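Summary of the model geometry
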Amino acid sequence: MPRELSDLPFANLLEPAGPIGVEGEYDCLLFDDTVLADPDARHTVFDQCAFRSAHLDGGSARGARFSEVWLHGVRITGTDTADTVWTDTEIVEGAWSGVEASGAE
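Residues numbered from 1 in each chain as written. Predicted model: local features only at pLDDT ≥ 70, side-chain atom pairs only at ≥ 80, totals over all residues. Heavy atoms only, no water.

What to know about the sheet that holds strand S8 (residues 65-67)
Across the sheet, four strands lie side by side as S2-S5-S8-S11; this open sheet has parallel pairing. With one partner strand each, in any of the chains shown, strand S2 (25-27) and strand S11 (85-87) form the two edges of the open sheet. Each neighbouring strand pair of the sheet contributes to a mean axis angle of 5°, computed without reference to strand direction. Inspection of the sheet shows strand S5 (residues 45-47) paired to S8 by three bridges, in the parallel sense. In the sheet register, aspartate 47 faces S8, and the bridge partner there is serine 67. (Pairing = 2+ DSSP bridges. Helix = DSSP H or I, 4+ residues; strand = E, 2+ residues; numbered from the N terminus. Axes fitted to C-alpha atoms, helices over the stretch in contact; angles between N-to-C directions.)

A few points about empty space enclosed by the protein
What the rule picks out here adds up to one cavity of 30 Å³ or more. When its volume is computed, the largest cavity comes out at roughly 120 Å³. Taken together, the residues of the lining of the largest cavity break down into eleven nonpolar, three polar and no charged. (1 Å grid on protein atoms, 1.4 Å probe; cavity = no way out; pocket = protein on both sides within 12 Å on 5 of 7 lines; lining within 4 Å. Points joined across faces, edges and corners; volume = space filled by probe spheres on them. Nonpolar A, V, L, I, M, F, W, Y, C, P; charged D, E, K, R; others polar.)

A word on unusual backbone geometry
Residues other than glycine seldom take positive phi values, yet histidine 43 does so here, at roughly 60°. Among the structural elements, histidine 43 can be located in the loop between strand S4 (35-37) and S5. Given the relative accessible area of 47%, histidine 43 is considered partly exposed. Of note, glutamate 93 is a non-glycine position whose phi angle comes to about 55°, a positive value. Note on placement: glutamate 93 falls in the loop between strand S12 (90-92) and strand S13 (95-97). (Buried < 20%, exposed > 50% of the residue type's maximum accessible area, 1.4 Å probe, protein only.)

As for the pairing of strand S3 (residues 29-32)
The pairing of strand S1 (residues 15-16) with S3 spans two bridges and is parallel. Looking at the pairing, glutamate 15 lines up with leucine 29 of S3. Two strands pair when backbone bridges link them, and S3 and strand S6 (residues 50-52) are joined in this way by three bridges, in the parallel orientation. By the bridge assignment for S6, aspartate 32 is matched with arginine 52.

Focus: the packing of aromatic side chains
One pass over the structure, following the stated rule, counts seven aromatic pairs. Judged by centre distance (5.0 Å) and plane angle (10°), the ring pair of phenylalanine 46 and phenylalanine 66 falls under stacked. A residue pair is termed long-range when its members are at least 10 positions apart, and phenylalanine 46 in strand S5 and phenylalanine 66 in strand S8 qualify at 20 residues. Residues phenylalanine 46 and phenylalanine 66 agree in their burial class; the two are buried. Arranged with centres 4.0 Å apart and planes meeting at 5°, the rings of phenylalanine 66 and tryptophan 86 form a pair that is stacked. With a gap of 20 residues between them, phenylalanine 66 in strand S8 and tryptophan 86 in strand S11 connect regions that are remote in the sequence. One aromatic cluster is present, formed by Tyr26, Phe31, Phe46, Phe51, Phe66, Trp86 and Trp96 through successive ring pairs. (Phe/Tyr/Trp six-rings, centres within 6.5 Å; stacked < 30°, edge-to-face > 60°.)

Here is the structure:
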């Protein structure tokens, strides 16, 4: 399992991420030292993305899909992640608090 960003098979393809939105599709993006306050990422697809030292605060990712996603040092607080699908995703040194996760796979 990759413990560092450089260990990811897609590390050399990652580009800096910008804002996220409803039903977006995000491939090979790096969310680095980012605060996403009240994100509205419902039904969004994240494929081969990395989140490092990021903080998701509130908002919703309900119904989002995460495929080959790496989360390192990520804090998720008060975010709705119900009905999300997590495939080949690794969480390293993360903290989740007050997260709605019913129906998540």
